[in-house]
Structure formats: C-alpha cells, structure tokens
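Report on the structure
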Amino acid sequence: MAESPFTFRIAPPEGGGPWRVLQITDTHLLAEPGGERRGARPLARLERAIAHARRNHWPPHLILATGDLAHDGRRESYDLLLRTLAFRPTVAVAGNHDLPWPLRERLAAHGQPLARHLLLGDAWQVILLESRMTGRIEGALDAPQLEWLRVLLTRHRQPALLVIHHPPFAVGSAWLDAIALSGHRDLLECIAPFPQVEAIVAGHVHQPWDEERGGLRLLASPATWLQFRPNQREFQLDDRPPGYRWLELGQDRRLATGIEYAE
Ligand SMILES: [Fe+2]
C-alpha cells in the first residue's frame, strides 16, 4: 500500500543503539528574545534546558515539540525555538497558544519535515495528533483525524508513540483537567483495538506525568517555561527549574524514558 506523503523515515542509529528522542514542551516563547512574562524569560529558560540536554542527551535523532511553543503565535518565536534546538530534526504539534500556520511555515523554512507520521526503521512509529481548537483552551480531535489514526494503525503494526498537546488523561488538578482533551474517551476507544500503541506523549500540563494504564504508558513533561504545581484545585505556579523529557526508543523495541530539570 502506498505510503502517505506525510510519512517521514528516520534510519536506525549505527551500532544498534536506540533512537534518542527529546520532548521539549510549553516553551511559551515571545517574539522579543529578551521578553519576560510572570518574571521569567521564556527564551533564557529554554536555553537552560537545552544546555542541560546538550550535556546529557545529545545529539537527539528527533525532537518532539509538543505545543505552546510560542506564547504569541509569532513567526519570530518559532525561529528562536528552532535556532535554540540547534536545528536538530524537529516535529511539532500546536498547542492552544500556537498558530499552526506560522509554526508550519517556519518549520518548512528551516528544512524540517512537516511529517505527521514517522517511521523509525521498522522498530517504531511516531504519530502526531493535532488537538488545538481555534479560540479554545481545551483540545479536541475531530472524527476525520481519528479515522486517519485508525487507518495508520491498521497499516503499521510496529510499536507506536502518539504525540499530542492536550493530554487524554487527568493529572489530578481540577482546573487543568477541565481544559485537557475533551472527548478523550473517543481517542482511547479508537486505539483500544491496537495494542501496538505503547505510549501517549502530551504537553500542556507543565509538570511530569508517567502512568501505565492497561499496557498504555501515559506521559507528560515539565515545561521549559514555568511549571504548574501538581494536585491543585486552582491555577498555581511551581518554582521548579526548566525541564524536559528524554526517551530512548530501542531497535529491540524497548522504551526507556525519564525527565530532567536543569537545576
Ligand atoms: Fe502551556
């Protein structure tokens, strides 16, 4: 069966090692490099996280940028992001703060794959889901996107990582769970017949999450921008440093992952 033009292939690393993947999320960059919000400079915090990654998890074969990349949706903010990521291969999903077209246009301008589906050798696949809804903070997936996901998972049986901004799971903070993925049950029902879905990697929650539910790993990462304090009824910031998630996708199909804070 013909491959979709939105499919992109990444060759297996030499020597049999895993694909090194970084999840960078909720950078909330401003077009002005020195710009500040809530007493923090988003670019300086991203730079701290990337400096840490460069010492510990570099070079990544792939970066998953999981939304709220620009706070203002400006082209200049996406340029700052890609430059700070040292133009490593990067795919992105839009968050509620992003504007999808400036984001895609700048990815394309910097030669990044506009892929929605990545094949890592024959061992893994990564599928990007777009949950942003215009003018809304919470996310949703429409029926055509769920159908596209069903078709992909029917065709490709290797272990899959789903990447999305809004998590289809609760993290125990009432205010945040109210603006997660609405209709999350539709997504979980859609993937239930496909045991090859190993993990869902989400942004949006500005805190770490790692839970296994019925063989499915639910993951989220700290933001590089400000963190949200876990288990709160109302919005509350945490004072933790910028963070990110690393993943190692083994050629033997094993998944290892953890989070880092740039202390
Ligand atoms: Fe965010």
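So, a few notes on the structure that sits alongside this text. Since this is a predicted model, take the numbers as computed values, not measurements. (Residues numbered from 1 in each chain as written. Predicted model: local features only at pLDDT ≥ 70, side-chain atom pairs only at ≥ 80, totals over all residues. Heavy atoms only, no water.)

Some remarks on the overall build of the chain
For the chain, the helix and strand inventory stands at 6 helices and 14 strands. Seen through its principal axes, the chain has C-alpha atoms that stretch 50 × 40 × 30 Å. Across the 263 residues that make up the chain, the buried fraction comes to 57%. Relative to all contacts within the chain whose residues are 6 or more apart in sequence, the contacts with residues 24 or more apart total 70%. With the model as given, the accessible surface of the chain reaches about 11,300 Å², and the carbon-plus-sulfur share is 50%. Side-chain charges of the chain comprise 30 positive and 31 negative groups, with the mean position of each set lying 2 Å from the other. (Helix = DSSP H or I, 4+ residues; strand = E, 2+ residues; numbered from the N terminus. Buried < 20%, exposed > 50% of the residue type's maximum accessible area, 1.4 Å probe, protein only. Contact = heavy atoms within 4.5 Å. Areas by Shrake-Rupley, 256 points an atom, 1.4 Å probe, with all protein chains shown as cover. Lys, Arg positive; Asp, Glu negative; His and termini not counted. Charge placed at Lys NZ, Arg CZ, Asp CG, Glu CD.)

A closer look at the nonpolar core
One recurring pattern in soluble globular proteins is that nonpolar side chains are buried together. In terms of nonpolar packing, the biggest core is built from 28 residues, with L129, L149, L153, L162, L187, I191 and V197 touching the most fellow members. Broken down by secondary-structure element, the contributors of at least two residues to this core are α4 (143-155), β7 (160-164), α5 (174-177), α6 (184-191), β8 (197-202) and β10 (216-220). The element best represented in this core is α4, accounting for 4 residues. With sequence-adjacent residues up to four places away left out, L162 is seen in contact with I127, L129, L149, L187, I191, V197, A199, I200 and V201. The next biggest cluster of nonpolar side chains, apart from the first, holds 23 residues, and it includes L22, I24, L29 and L81. (Core = buried A, V, L, I, M, F, W, Y, C linked by side-chain atoms within 4.5 Å.)

Thoughts on the environment of G73
Relative to the helices and strands, G73 is located in the loop between β3 (62-65) and α2 (75-84). Taking C-alpha positions, G73 is 16 Å from E130, a pair spaced 57 residues apart along the chain. If near-sequence neighbours (up to four positions away) are discounted, G73 is found in contact with Y78, H97, L99 and P102.

Structural notes on the coordination of the iron ion
Protein coordination at the iron ion comes from D26 (OD), H28 (NE2), D68 (OD) and H206 (NE2), with a distance range of 2.2 to 2.4 Å. If you look at the iron ion, its 4 donor atoms make angles of 86 to 172° with each other, and the shape they trace is irregular. In the primary sequence, the donor residues of the iron ion line up as D-x1-H-x39-D-x137-H. With H28 in the loop between β2 (19-24) and α1 (42-56) and H206 in the loop between β8 and β9 (209-213), this pair connects stretches of sequence that are 178 residues apart. (Donors = N, O, S within 2.8 Å, 3.2 Å for Na, K, Ca; no water. Tetrahedral: all angles 85-135°; square planar, octahedral: opposite > 155°, others 65-115°.)

Things to note about the side chain of R106
Within the secondary structure, R106 sits in helix α3 (residues 100-109). At 2.8 Å, the side chain of R106 forms a polar contact with the side chain of E105. Excluding residues within four positions of it along the chain, R106 makes contact with R75, Y78, D79 and L82. (Polar contact = N/O pair within 3.5 Å; in protein donor to acceptor, adjacent residues only side chain to side chain.)

A short note on the sheet that holds strand β14 (residues 255-261)
Reading across the sheet, the 5 strands line up as β4-β3-β2-β13-β14 and stay open at both edges, with mixed pairing between neighbours. Only two strands of the sheet have a single partner each, and these edge strands are β4 (90-92) and β14. Averaged over neighbouring strand pairs, the angle between their axes works out to 20° when direction is ignored. Alignment of β2 against strand β13 (residues 243-249), held across 5 bridges, turns out to be antiparallel. Considered in β13, the bridge of W19 is made with L249. Where α1 meets the sheet, it contacts β2, β13 and β14, and its direction lies at approximately 35° from that of β13. (Pairing = 2+ DSSP bridges. Axes fitted to C-alpha atoms, helices over the stretch in contact; angles between N-to-C directions.)

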